[in-house]
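Fold and geometry: a report
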Amino acid sequence: MDKLIGAYGTLRKGASNHRVLGDSEYITTVELFCYKMYGKRDYPAIIRGAEHESVVLEVYRVKSQKIADDIDFLEGYDRSKPDSLDNLYTLKTIRIDSIDEPIEIYTFDHAPERINQRGPQLKSGDWTKRNQ
């Protein structure tokens, strides 16, 4: 097990669920363009956005299947049923020019009509600045 995941909300450094990443290796922080973030309360969600919109994304290397499973559980995602309406998020694999490997992110692309339930759009795209 060795994969990259992107954290933009409660899994980021200093956030409430960062501990779930365990001994995963921090790689870098990037700006993920063409996505926008919603939410101010308990957790955020992202969906595809315009070219000028972006989200701050911390990239981690996950080496443990247990940690990968814990992240899926936290995100309400069942890999055995990727198209299930019971999944809270959609799992996407993306590429970023500055990183040679694919990165998994959890999005709300399956339910964009529900994105506003998370809260208002965070124009900064940075979960750590949601209260500013």
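We now examine the pattern of salt bridges. Applying the stated criterion to the full structure yields 12 salt bridges. Between Lys3 and Glu104 there is a salt bridge whose closest N-O contact spans 2.9 Å. Note that Lys3 is positioned in strand 1 (residues 3–7) and Glu104 in strand 7 (residues 103–107), a separation of 101 residues in sequence. Considered together, Lys3 and Glu104 belong to a single accessibility category, that of buried residues. Between Asp70 and Lys66 there is a salt bridge, and its shortest N-O distance comes to 2.8 Å. On the criterion of helical spacing, the pair formed by Asp70 and Lys66 is a turn pair, its members being four residues apart in helix 1 (residues 65–74). Overall, Lys66 belongs to the exposed group, its relative accessible area being 55%. Bridged by salt links that share partners, the residues Asp2, Glu25, Arg61, Lys63 and Glu101 form one connected network.

This paragraph deals with the sheet that holds strand 2 (residues 25–33). Taken in spatial order, the five strands make up an open sheet running 2-5-1-7-6, and their pairing is mixed. Every other strand in the sheet has two partners, leaving strand 2 and strand 6 (90–94) as the edge strands with one partner each. Averaged over neighbouring strand pairs, the angle between their axes works out to 30° when direction is ignored. Bridging between strand 6 and strand 7 involves five bridges; their strand directions are antiparallel. Bridging across to strand 7, Ile94 finds its partner in Ile103. Sheet strands touched by helix 1: strand 1, strand 5 (54–62) and strand 7. Its angle to strand 5, the strand with the most contacts, is close to 150°.

Thresholds, definitions, all that
Residues numbered from 1 in each chain as written. Predicted model: local features only at pLDDT ≥ 70, side-chain atom pairs only at ≥ 80, totals over all residues. Heavy atoms only, no water. Salt bridge = Lys/Arg side-chain N within 4 Å of Asp/Glu carboxyl O. Helix = DSSP H or I, 4+ residues; strand = E, 2+ residues; numbered from the N terminus. Buried < 20%, exposed > 50% of the residue type's maximum accessible area, 1.4 Å probe, protein only. Pairing = 2+ DSSP bridges. Axes fitted to C-alpha atoms, helices over the stretch in contact; angles between N-to-C directions. Contact = heavy atoms within 4.5 Å.

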